[in-house]
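A closer look at the structure
Given next are the chains, with one letter for each unit.
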Amino acid sequence: MNEMRNKIEELFKNGEIDAVLGYREDPATGEVKAAVFKKDEALDDMVFDGRCVQNLVNYLPTLVARYRKVGIVLKGCDGRSLVTQLVEHRINKNQIVALGVGCEGVKLDGKEADKCDDCATSMSPIADYEFGEKKHKKEPAFSKVEEIEKMSPAERWKFFADYFARCERCYACRQICPSCYCEICVADQQEPKWIEPSAKLSANTMWHLIRAYHLAGRCADCGECERVCPQEIPMRLLNNALEKAVHELFDVRPGTVPDEIPPLVVLSKEDPDTILEGKNE
Amino acid sequence: MQIEKEPKILAILCKWCSYAGADLAGTSRFAYPANVRIVQVPCSGRVDPIMIFKAFVEGYDGVMVSGCHPGDCHYTTGNYHARRRIAVARRLLEFVGVHPDRMHFTWISAAEGKKFAEVCSRFTDKLKNLSGTEKTLARKELAT
């Protein structure tokens with residue numbers, strides 16, 4: 001942590017950055033929140049530990065519009081998230097100084113977050129400076145997705161329908177997602193109205209399917225959608241299922257390789273027709 | 001809710017090959033089941049998976065999408081894009097519980113009227129076999 005603070009101070013002094021996006025511990029409440037540190041500002045209450053759950057990449061687009069150059073503290077998952085944003089040219093790499101920090105897993109409600117179970121990226125795949133330990137853990141796995149896949153179709157639908165029915169369509173998942181940035185979301189579109197705005201099972205199903213599908217090959221599994229969901233809908237399951245699908249179909253792991261173009265943007269004449277067949281056929 | 005015996009099928013066909021193939025099936029008088037409702041799109045690359053999702057939510061028993069054979073697309077590459085998108089959409093639908101037999105994706109050229117009729121018959125038969133299983137995703141709020 002001190003190592004990072006010193007580096008940030010040095011970067012400020014050299015004029016390499018104008019602001020740093022990091023985590024600040026509120027001295028009064030002890031809460032850890034995202035914060036912007038500007039030049040000549042004390043970095044004493046800047047922290048990095050298991051309480052730094054938020055994905056800071058979501059704040060970047062507004063910051064790069066305001067500052068010439070912005071430093072950002074990145075966990076492994078946030079780093080993947082940043083990669084997906086850079087690939088889509090939403091953020092200019094020249095305006096970013098990526099400060100990767102070795103992450104040992106974050107805590108949610110007192111226990112290790114679900115997203116950390118199968119995570120294989122302790123360090124951001126994109127980092128100008130690296131701090132802390134870079135641990136090469138296991139291969140990324142999809143243990144929860146595989147559990148669901150063992151169920152019969154009807155059981156699977158029952159499982160998801162129970163959750164979808166609870167959705168109140170607050171769109172917190174959309175607002176928090178760094179990759180959800182369409183100017184007019186398909187869910188807000190009036191003509192044609194693909195997704196009804198009312199919170200009922202059929203419309204909720206449409207919303208969750210299209211939300212997941214639009215993130216296919218782009219979602220880097222930062223887990224923010226699930227964290228902010230007031231109804232605790234397991235959206236990461238859908239995201240991970242598609243992550244697994246694009247890995248199996250196109251051998252792509254979103255966010256892990258800088259400059260890799262999302263698989264659904266490019267075409268390949270070499271794709272076999274067997275990808276169109278059902279898995280269980 | 002009363003269980004419909006005849007499955008309803010939505011066929012999304014591209015204008016240049018598959019729709020013409022369906023046309024040929026008609027003019028050549030190849031019989032195919034009347035369960036199929038056809039939607040014409042300019043190219044299979046136009047098929048947004050939201051159309052497929054919507055079809056299932058609105059209560060269709062099965063969805064088929066067909067375009068020109070790879071390499072034959074009128075717009076050169078539309079069907080390659082479609083192939084990737086539909087492959088992913090299919091995985092998602094299977095994951096949330098749509099039976100894999102309820103989706104069919106294929107290539108039919110303008111000369112393959114016979115193939116179109118065959119595909120439709122086979123798909124309808126498959127769906128008739130599924131008549132006992134639940135139509136997942138289909139909306140239940142409206143008594144249809």
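Read on for a plain summary of the structure. Note that the coordinates shown come from a computational prediction; the quantities given were computed from them, not determined experimentally. (Residues numbered from 1 in each chain as written. Chains lettered and ligands numbered in written order. Predicted model: local features only at pLDDT ≥ 70, side-chain atom pairs only at ≥ 80, totals over all residues.)

**Remarks on the pairing of strand 3 (residues 62–67) of chain B**
Residues and elements named next belong to chain B. The cut-off we apply is this: Three exposure classes are used, based on other C-beta atoms lying within 10 Å of a residue's own C-beta, which is placed from the backbone: buried for 20 or more, exposed for 12 or fewer, and partly exposed in between. Elements are defined by DSSP. Helices are runs of H or I of four residues or more, strands are runs of E of two residues or more, and each kind is numbered from the N terminus. DSSP bridges decide pairing: two strands pair if at least two such bridges lie between them.
In terms of residue burial, strand 3 counts as a mostly covered element, since six of its six residues are buried. Here strand 3 shows no split at all, with Gly 62, Met 64 and Ser 66 on one side and Val 63, Val 65 and Gly 67 on the other all buried. When strand 1 (residues 9–14) meets strand 3, the two strands line up parallel, connected through five bridges. Opposite Ala 11, over in strand 3, you have Met 64 as the bridge partner. Relative to strand 4 (residues 103–107), strand 3 runs parallel, the two being bridged by five bridges. Bridging across to strand 4, Val 63 finds its partner in Met 103.

**Some points on unusual backbone geometry**
All names here are of chain A. For the bond from Glu 191 to Pro 192, the omega torsion is -5°, close enough to zero to count as cis. Here Pro 192 lies in the loop between helix 6 (172–176) and helix 7 (201–214). For Asp 109, which is not a glycine, the phi torsion comes out positive at approximately 50°. Relative to the helices and strands, Asp 109 resides in the loop between strand 6 (107–108) and strand 7 (111–112). The exposure class of Asp 109 is exposed, given the 6 C-beta atoms found within 10 Å.

**Quick look at the interface of chain A and chain B**
As a reminder, the rule being used: Distance between backbone-placed C-beta atoms decides contact: two residues are in contact if it is within 7 Å. Under the scheme applied, nonpolar residues are Ala, Val, Leu, Ile, Met, Phe, Trp, Tyr, Cys and Pro; charged residues are Asp, Glu, Lys and Arg; polar residues are all the others, including Gly.
With 35 residues of chain A at the contact, the number on the chain B side is 35 residues. Put simply, the parts of the chain that give the side of chain A that touches chain B at least two residues each are helix 5 (153–166), helix 7 and helix 9 (235–250) of chain A. The element that contributes the greatest number of residues to the side of chain A that touches chain B is helix 7 of chain A, accounting for eight residues. Class assignment for the residues of the side of chain A that touches chain B results in 24 nonpolar, five polar and six charged.

**Structural notes on helix 1 (residues 2–13) of chain A**
All names here are of chain A. Here is the rule we go by: Multiplying 1.5 Å by the helix residue count minus one yields the expected span of that helix. Read the arc as the range of directions from the helix axis to the C-beta atoms.
Over its twelve residues, helix 1 extends 16 Å from the first C-alpha to the last, a length consistent with the 16 Å expected when each residue adds 1.5 Å. The complete set of buried residues in helix 1 reads Met 4, Ile 8, Leu 11 and Phe 12. Across the axial projection of helix 1, the buried residues extend over an arc of 100°, all falling on one side. Of the exposed residues in helix 1, those oriented more than 90 degrees away from the buried face are Asn 2, Glu 3, Asn 6, Glu 10 and Lys 13.

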